[in-house]
Amino acid sequence: PGCTAAKMAAAVERSFIEICGFERETLQRFRDITVNPGVNALPGVRYADSAGGFYYEESGKLLSVTSNRFIHWSTSGDTVQLVEQSLDTNLLNNSLRLKIVNCTLLPGGVHIQETYNHVIILLVTNQTVHRLVLPHPSRMYRSELVTELQMQSIFTDVGKLNLRDPSTYFVIPAVPGQVPPSSASAAWVSGDGEAHFAVASVAGGMLIVRLPAHDVQGSVSVLELKQSSVVQRFLAGWMPTAMRGDQSPSDVPLSLAVRQLESDTFIFALCQDHKLRMWSYKDQMCLMVADMLEYMPVNRDVRSSLGQGHKLRLSFSSSTGLCLGVYLNIPKRGQFCVFQLVSTESNRFSLDHISSLFATQETLVDFSLTSTDVWALWLDDENQTVVKYINFEHNTAGQWNQVFVQPPPEEEVNIGEDQDPRETYLETLFSPGRFTASALLKALQIYRRGAERIADLSWEALKKEVTVAVESELQGSVTEYEFSQEEYRQLQVEFWSKFYACCLQYQEDLSAPLALHINPCTSTVCLLKKGFMSFLVPCFAVDHLYLSSDDNLSSEEETPLAEDPDVARDVLQLVQCLRMVGESVSGEMAYIIEKALEHLQSPECAAEQVLEILLANDNDNVIEDIQNKLQDIRNPVNAMAILLREMDYETEAEMEGNLAAAQPLGVRVNLSQLYGSSPAVAVVCQAVCQSAMTRVLFCRDLLILQQLYLRLGDHVYLGGGGQLLQMQQDLIPRTAYLLCSYYLVRWASQCLSTAVPLDTLDANLQHLSVLELSDSPALSPNKSVLSPQTVVELFYQNVARRVIVSQIYAQQNTPLSQAALNWPQMISAIVGYLSQHLWPSNPGFLFPECLMGNCQYTQLQEYIRLISPWCQVNVGSCRFVLGQCYLATGEGHKALQCFQEAATEVERENFLLRLTGTEEEEEAATAPRLQYYNKVLRLLEDVGLPELVIQLATMAIPEAANDVRSQAALRTRIFKHHLDLGHNSQAYEALTQNPDSSRQLDCLRQLVVVLCERAQLRDLVQFPYVNLHDEVVSIIESRARAVDLMTHNYYELLYAFHINRHNYRKAGTVMFEYGMRLGREVRTRHGLQKQVNCYLAAMNCLRLIRPDYAWIVQPASGGVYERPGTSPKRSHDGESAAGPVSRQIEILELKDLEKEYTLARSRLTLAQHDPAAAAIAGSASAVEMVALLVQAGLYDSALSLCQTFQLPLNSVFEGLAFKCIKLQYNGEAGQNEAWNWLAANQLSSVITTKEYSATDEAWRLLSSYLDSYPSQNAQYHRCVINKLLSHGVPLPDWLVNGYKAVDAAGLLRLYLNFDLLEPAVELVLEYVDALLGKGHQYFGIERPLSATAPLVWLPYVSIDQLLQALHENQANTNNSRLYNKLQESLAHYYTIVEQATIRRQKSA
């Protein structure tokens, strides 16, 4: 891995490339603060815009709070903008815009310095100086460990500062009407906290303004330093030298610099007289004067003229001490001089000249001096930015090293015939890295002619606004109603190109360079422009060669790609040919290659087509020149192979870094944040994009050149036979492969990601969690704040960055606590590693996995489409993630096909192997492909696609031919989802094919329960259940006995099951048991109705059997059932259960069922009549039921129940008699209620008279019952009469007549029992008359007393009791009369009896 990293980081040290990092948000980020120092504006004062930067001393330390942290600023007129940025963490509230009223910021008039506790910003305007004291970052956080993704900037609390406090600013004393002759300034903070400002004085020399320390009370002092070494110090009432007439303008400083050394502060001034002066602030005297013209050949005119545009820079390092860089701006030539400050013992100083560097003719904007290099920023004659640098000690003939600055966007957009102009322009305008949001907003404002103020817009909203504006302009210009499609296309191109030109203009304005900012701690070089900031990153060797101008390329004596000089020469010659090819390829030709790559056509054929066009249109003999140059290449095949090998990121190395968890927490936290801020993310990914764009062109031109080689054949020297064949069979396919790969990386670097709602991301991660990939670094939520964001930025921010940082630091031998951050090395390594992770032919699969985890489905589909024809690595993994995309877009069947295709690669690819990994021991023993199928099945289940689960499980079954456990699991899955979908037959089939009996039983149980809940009983009953009949019955029985009777109908199901199989006895048993349980557990009217129906069904079943077999076994009582989950030792209430008791089997025949039916029917009748009685009646016995029925007035049912169970009817008659009594004596109150129960009892005839009452009906009902139910000795009459007499109710005649016709003696006894002597006498008299033949038919006597008739008798005992009672109460006249009358009647009877007896004896 170390060698690979070294190769990837093989950037040419002499070359850098500019990477723009401008913002994409259109939101206003600056906090605006206005300071009014109370001065009047000076007329005619205007300074150029300027910029600069500040770096923290510990910005190069990995474990520092200020690592990779800096501040950059820009001034324009009265406004200074300050922005604090970090490459590691996003800073909040990091932008400040300060406006100083009526003042103009001096160019370079912002000076920032840090102390232990504070960051102090010193501002110098043309009239005032200002000081802002802000907290140091190391003092802003309570803990050294800052784990947040965002941190507060030092500008967060700037609003709390009182900038009107006199201690924060001072108005510079000035001569009225005079403007300072120079804009030079310097400022510093001394060790005791005092702020010093140095500005050019009108009279020459400089003024030093000293503000006391911010936390100390004190007064401001001003002193003037002049060439005479005489110091004028005034605390008040100061008068400039100019007012005294002592002017010396030659020593006016053009550029000032300050260096604090030990206890003194030295001020260096490069003055108009071309002399460098060094002042001691402590001694307030000039220590040294050096004439700069001595170090360059100049004429007298230069010496006599005042200098303009000279610049001075300082650089200090422990090895070289203090170095001074001077730029002498001489007309038609410029020169840099580098000096080292040398001190002697007597505090004398001199300059040691190190180097003189001649500059080009361009206009110098800024330069910087480091300990080794001079960096310079120019504007050329065409106003284009030029940046170069040179080592001032070791350089070859003063050769400056190149920096490839970002070219402006192309002036014209090439639109293919098959492209829509609007879409093409929009894609170009809003492609990341081309136009700033500010440029687009300004262009839109102008295009709308300033009609309205454009509010802050998002990137997408801005895109819509631009579209609407251009299209509206187009529509407004159309005067004709109809025109052809081609004419409309031309109109589109015209209006869009107009808007595009406007954007170009503003982008060019914002791209104007202002300054260089170099951080020697990290070797970071930034280019500060008017509208944004860019970073310089090392240029890789291939990119350097391809991008270098012909002059630079021809001067290359060696290349890092080859040590052999001859090989190096071949490589350079080949690259020069490639540049010639590239320059001759027009936009239309380039589009042919681009189109072929996009549409997955052969790049070789497209290159051949372009070559044909070049050959056909070679008017300038470019091809001939290339052919001549090719003759100079000795071994082109070897040179091409070297270039291809250098560009190929394919690696077999481990691509996931493993930074030990044993590292301290602080180290791990800092590493987790390293280069994670939005600017860093943008720069890294733009660098990858820039490299990919360059190499796409490189490979394109190389492919065209190779086709030219094939065309020329033997006319070009190829270094030996067989090389043409090698080029055709090896180099051209490799070049095409690299072209496709870099096209893919370029596409990914420019492809915008889709904003996904958080709930969608969470749902996606939840789905992916079933794959057990949650520990994958690629499946982390998107935390970036870039907007919009490319998919590569998304990948780098969330996944690749941590992996890459681990890869880098896992190879370092130095302790991480001492690790320093070197920007060129780090950015080169990061870009190289990131390219490796994006490289499609590497085994790592983090990039597609990240897209999948972040719901970038459209982008992922396009990625897979682009690599499918030519990339044979991770084919199965790509099919799998493509299946994920189809799942997300609702194309399940396509997803299934992809998952199936991926299965063939399971054991070959790391991602799929990781997918099959499991922590469960049982699954670990399963074949990888089966594990893969199981994971995908879980995924499909989680997404909710049962049809696909069934299909995939069916496909997986052949894989489990030798694995019974897996096969059973698959069959169970198939069964479950068929059942869920309502495919009952297929579910049953899957159940029968399950090889695991326990799983089969579980499935069977589930089938029964589910079909029963769905009321799909026909299917359940009609399945054949081969070899499973007993199990089904057992399952249904156990379910029937375990669940609520009214919720589920398992008994009815079991009844239907047995009926369907003609097993009537079992069907009858089931229904009888059901009825029994209903009676015990469901004491409601509905339950009683079901119980009646159950007993009817059971009776019908037995009637269908031959009488010999028409019996069932009495079911056990409810507590004996073995219900699932019950304790064998405890009852339901927790008490210890009694031991098992042997129970006799009781056989029930049809008659027994009929009795139970009758009882149940009577219960139902009662419940229907009185619902409240249902709960009582549910468990009542036959005797109890009779009482309940009688009480409710249901006499028909009571009589029927008595007859069925052979119970006496006495209670029924007594109850009815009592009802009659109540009706008779309660009046009208109970009449209406009586009709209700009377209606429930059927009478044979209906009385229709109007005056017929409920009482009459009740007596009639009683009479009909006595007639219908005759009894021995008329016991029912007797009980009725007894009831009536006991309540003192007169006996109805029909009742008396009915009873005396059957048992006159009984009636007599009843009269006697209730002391009814008169009725008793009348009864005896009537009875005696009847015996003697008068009314005998009323007493049931067939023949009266005679000699020939059967014997007759009288109840003598009762009559004697009657006589005795009358005799004892003769005091009562009536009793005496009755007694005599009875005696007379008996005497007469005895006489007749005697006569009849004599006649019978005689006749005998």
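Quick caveat, the model's predicted, so the values are computed rather than measured. (Residues numbered from 1 in each chain as written. Predicted model: local features only at pLDDT ≥ 70, side-chain atom pairs only at ≥ 80, totals over all residues. Heavy atoms only, no water.)

**Digging into the overall build of the protein**
Quick note on the threshold: Helix and strand definitions follow DSSP, with helices as H or I runs of at least four residues and strands as E runs of at least two, each counted in order from the N terminus. To sort residues, take the accessible area from a 1.4 Å probe on protein chains only and compare it with the maximum for the residue type: under 20% means buried, over 50% means exposed, and anything in between is partly exposed. The criterion used for residue contact is that any of the two residues' heavy atoms lie within 4.5 Å. Residue burial considers only the protein chains on display, and all accessible areas are found by Shrake-Rupley using a 1.4 Å probe.
A tally of helices and strands in the protein yields 47 helices and 34 strands. Buried residues in the protein amount to 52% of all 1404 residues. In the protein, the proportion of contacts linking residues at least 24 apart, taken out of those at least 6 apart, comes to 64%. Entry remark: accessible area of the protein is about 64200 Å², with carbon and sulfur atoms responsible for 48%.

**Regarding the sheet that holds strand β2 (residues 31-35)**
Quick note on the threshold: By this definition, two strands are paired if DSSP reports at least two bridges between them. Structural elements are reduced to axes, namely lines fitted to C-alpha atoms, with helices fitted over the stretch in contact, and the angle between N-to-C directions of any two is expressed from 0 to 180 degrees.
Taken in spatial order, the 5 strands line up as β2-β7-β5-β4-β3 in an open sheet, and their pairing is mixed. At either margin of the open sheet sits one strand with a lone partner, and together these are β2 and β3 (50-55). Each neighbouring strand pair of the sheet contributes to a mean axis angle of 20°, computed without reference to strand direction. Direction of pairing for β2 relative to strand β7 (residues 95-100): parallel, over a ladder of 5 bridges. Considered in β7, the bridge of Val35 is made with Ile100.

**Notes on the side chain of Arg1163**
Convention followed: The sign given to each residue is positive for Lys and Arg and negative for Asp and Glu; His and the chain ends receive no count. By definition, a salt bridge exists where a carboxyl oxygen of Asp or Glu is found within 4 Å of a side-chain nitrogen of Lys or Arg. Whenever a nitrogen or oxygen atom comes within 3.5 Å of another N or O atom, the pair is scored as a polar contact, on the condition that within protein one atom can donate a hydrogen and the other can accept it, and that pairs from neighbouring residues in sequence are kept only if both atoms are in side chains.
Inspection of the secondary structure puts Arg1163 in helix α36 (residues 1150-1169). One buried charge, Arg1163, has no salt-bridge partner; the nearest side chain with opposite charge is Glu1156, at 5.3 Å. Side-chain polar atoms of Arg1163 contact the backbone oxygen of Ala1180, separated by 2.6 Å. Arg1163 has contacts with Leu1088, Gln1091, Ala1177, Gly1178, Ser1179, Ala1180 and Met1185, leaving out every residue within four places of it along the chain.

**Focus on the nonpolar core**
Put simply, the rule is: Within this scheme, the nonpolar core is defined by two criteria: the residues are buried Ala, Val, Leu, Ile, Met, Phe, Trp, Tyr or Cys, and they are joined through side-chain atoms within 4.5 Å.
Judged by nonpolar contacts, the single largest core of 224 residues is most densely connected at Leu834, Phe880 and Tyr932. When residues in this core are grouped by element, the largest group, 18 residues, is from helix α15 (residues 678-712). If near-sequence neighbours (up to four positions away) are discounted, Phe880 is found in contact with Leu771, Met852, Phe899, Ala902, Phe911, Leu912, Leu915, Tyr932 and Val936. Judged by nonpolar contacts, the second largest core, of 79 residues, contains Ala1180, Leu1266, Leu1323 and Val1328.

**Focus on helix α12 (residues 622-630)**
For clarity, the threshold we go by: By construction, the arc corresponds to the directions joining the helix axis to the C-beta atoms.
All of the buried residues along α12 are Ile623, Ile626 and Leu630. For α12, the buried positions fall inside an angular range of 60° around the axis, keeping them on one side. On its buried face, α12 is in contact with α9 (565-584), α11 (603-616) and α15.

**A look at the environment of Thr1165**
Within the element layout of this structure, Thr1165 appears in helix α36. In this structure Thr1165 comes out as buried when scored by relative accessible area, which is 19%. Sequence spacing of Thr1165 and Leu1189 is 24 residues, and the spatial spacing of their C-alpha atoms is 8.7 Å.

**Focus on a nonpolar patch on the surface**
Our working definition: Like charges are joined within 9 Å and nonpolar side chains (Val, Leu, Ile, Met, Phe, Trp, Tyr) within 5 Å, but only among residues with over 30% relative accessible area and no salt bridge; these make up the patches.
A surface patch of nonpolar side chains, amounting to about 270 Å² of accessible area, comprises Val1113, Ile1145 and Ile1147. Mapping Ile1145 onto the fold places it in the loop between β33 (1111-1113) and β34 (1147-1149).

**Topic: the sheet that holds strand β25 (residues 349-358)**
Strand order in the open sheet formed by 4 strands is β22-β23-β24-β25, and the pairing between neighbours is antiparallel. The strands lining the two open edges of the sheet, one partner per strand, are β22 (311-317) and β25. On average, adjacent strands in this sheet sit at an angle of 25° to one another, irrespective of strand direction. Sheet analysis places strand β23 (residues 321-330) next to strand β24 (residues 333-343), joined by 8 bridges and oriented antiparallel. Residue pairing in the sheet places Leu328 in a bridge with Gln335 of β24.

**Considering helix α17 (residues 758-769)**
Selection rule: Expected span of a helix: the number of residues minus one, times 1.5 Å.
Between its terminal C-alpha atoms α17 stretches 16 Å, which fits the 16 Å expected from 12 residues at 1.5 Å a residue. Along α17, the residues that are buried comprise Leu761, Asn764 and Leu768. Down the axis of α17, the buried side of the element spans an arc of 65°, and every buried residue falls inside it. Turned more than 90 degrees from where α17 packs its buried face, Asp759 and Gln766 sit exposed. Along its buried surface, α17 packs onto α20 (846-853), α21 (857-867) and α22 (875-888).

**Notes on the packing of aromatic side chains**
Inclusion rule: Working definition: rings of Phe, Tyr and Trp (its six-membered ring) pair if their centres are within 6.5 Å, and the pair is stacked with planes under 30 degrees apart, edge-to-face with planes over 60 apart, and tilted otherwise.
Overall, the coordinates contain 42 aromatic pairs when judged by the stated rule. Judged by centre distance (4.2 Å) and plane angle (10°), the ring pair of Trp375 and Tyr389 falls under stacked. In this pair, Trp375 is assigned in strand β27 (residues 373-379) and Tyr389 in strand β28 (residues 385-391), connecting sequence segments 14 residues apart. Comparing Trp375 with Tyr389 shows no difference in burial state: the two are buried.

**Re the confidence of the model for the protein**
Formally: Scored from 0 to 100, pLDDT reflects the predictor's confidence in each residue.
Of the residues in the protein, 88% have a pLDDT of 70 or more, and the chain-wide mean is 84. When the criterion is pLDDT under 50, residues 1118-1125 qualifies, and its contacts beyond four places in sequence or with other chains add up to 13 contacts.

**Description of the state of the cysteines**
The cut-off we apply is this: The rule for a disulfide is simple: a pair of cysteine sulfur atoms within 2.5 Å.
In this structure the tally under the stated criterion is 0 disulfides. In this model Cys502 remains outside any disulfide bridge; the closest cysteine sulfur is found in Cys503, 6.1 Å from its own. For Cys502, a relative accessible area of 11% gives the class buried.

**Some thoughts on the packing of helix α27 (residues 946-956) against helix α28 (residues 964-981)**
This is how it is decided: When an angle is under 35 degrees it counts as roughly parallel; over 145 it counts as roughly antiparallel; between 65 and 115 it counts as roughly perpendicular; any other value is oblique. Note on convention: the crossing is left-handed when the near helix lies turned anticlockwise from the far helix by less than a right angle, right-handed when the turn is clockwise.
In contact at an axis separation of 9 Å, α27 and α28 are set at 155° when each is read in the N-to-C sense. The angle between α27 and α28 places the two elements in the roughly antiparallel class. In this structure, the crossing between α27 and α28 has a hand that is left-handed. Packed against α27, whose contacting residues are Pro946, Glu947, Val949, Ile950, Ala953, Thr954 and Ala956, the element α28 presents Leu970, Arg973, Ile974, His977, His978 and Leu981 at the interface.

**Notes on the pattern of salt bridges**
Proximity of charged atoms lets side chains of opposite charge pair with each other. Overall, the coordinates contain 34 salt bridges when judged by the stated rule. Residue Arg313 is joined to Asp366 by a salt bridge in which the shortest nitrogen-to-oxygen separation is 2.7 Å. Taken as a pair, Arg313 in strand β22 and Asp366 in strand β26 (residues 363-369) lie far apart in primary sequence, 53 residues in all. Linking Lys595 and Asp418 is a salt bridge whose minimum nitrogen-to-oxygen distance equals 3.6 Å. Taken as a pair, Lys595 in helix α10 (residues 587-598) and Asp418 in the loop between β29 (401-404) and α3 (421-429) lie far apart in primary sequence, 177 residues in all. The exposure class of Lys595 is partly exposed, given its relative accessible area of 31%. With a relative accessible area of 45%, Asp418 lands in the partly exposed category.

**Quick notes on the pairing of strand β16 (residues 221-225)**
Most of β16 sits out of view: 5 of its 5 residues are buried. Burial along β16 is two-sided: Ser221, Leu223 and Leu225 and Val222 and Glu224, pointing in opposite directions, are all buried. Sheet topology note: the strand β15 (residues 206-211)/β16 ladder contains 5 bridges and is antiparallel. By the bridge assignment, Arg210 is partnered in β16 with Ser221.

**Here we look at the pairing of β7**
Remark: a regular strand shows side chains that alternate across the two faces of the sheet. Within β7, 5 of the 6 residues are buried, which leaves the element mostly enclosed by the surrounding structure. Strand direction decides the pairing type here: strand β5 (residues 79-86) and β7, joined by 5 bridges, are antiparallel. By the bridge assignment, Thr79 is partnered in β7 with Lys99.

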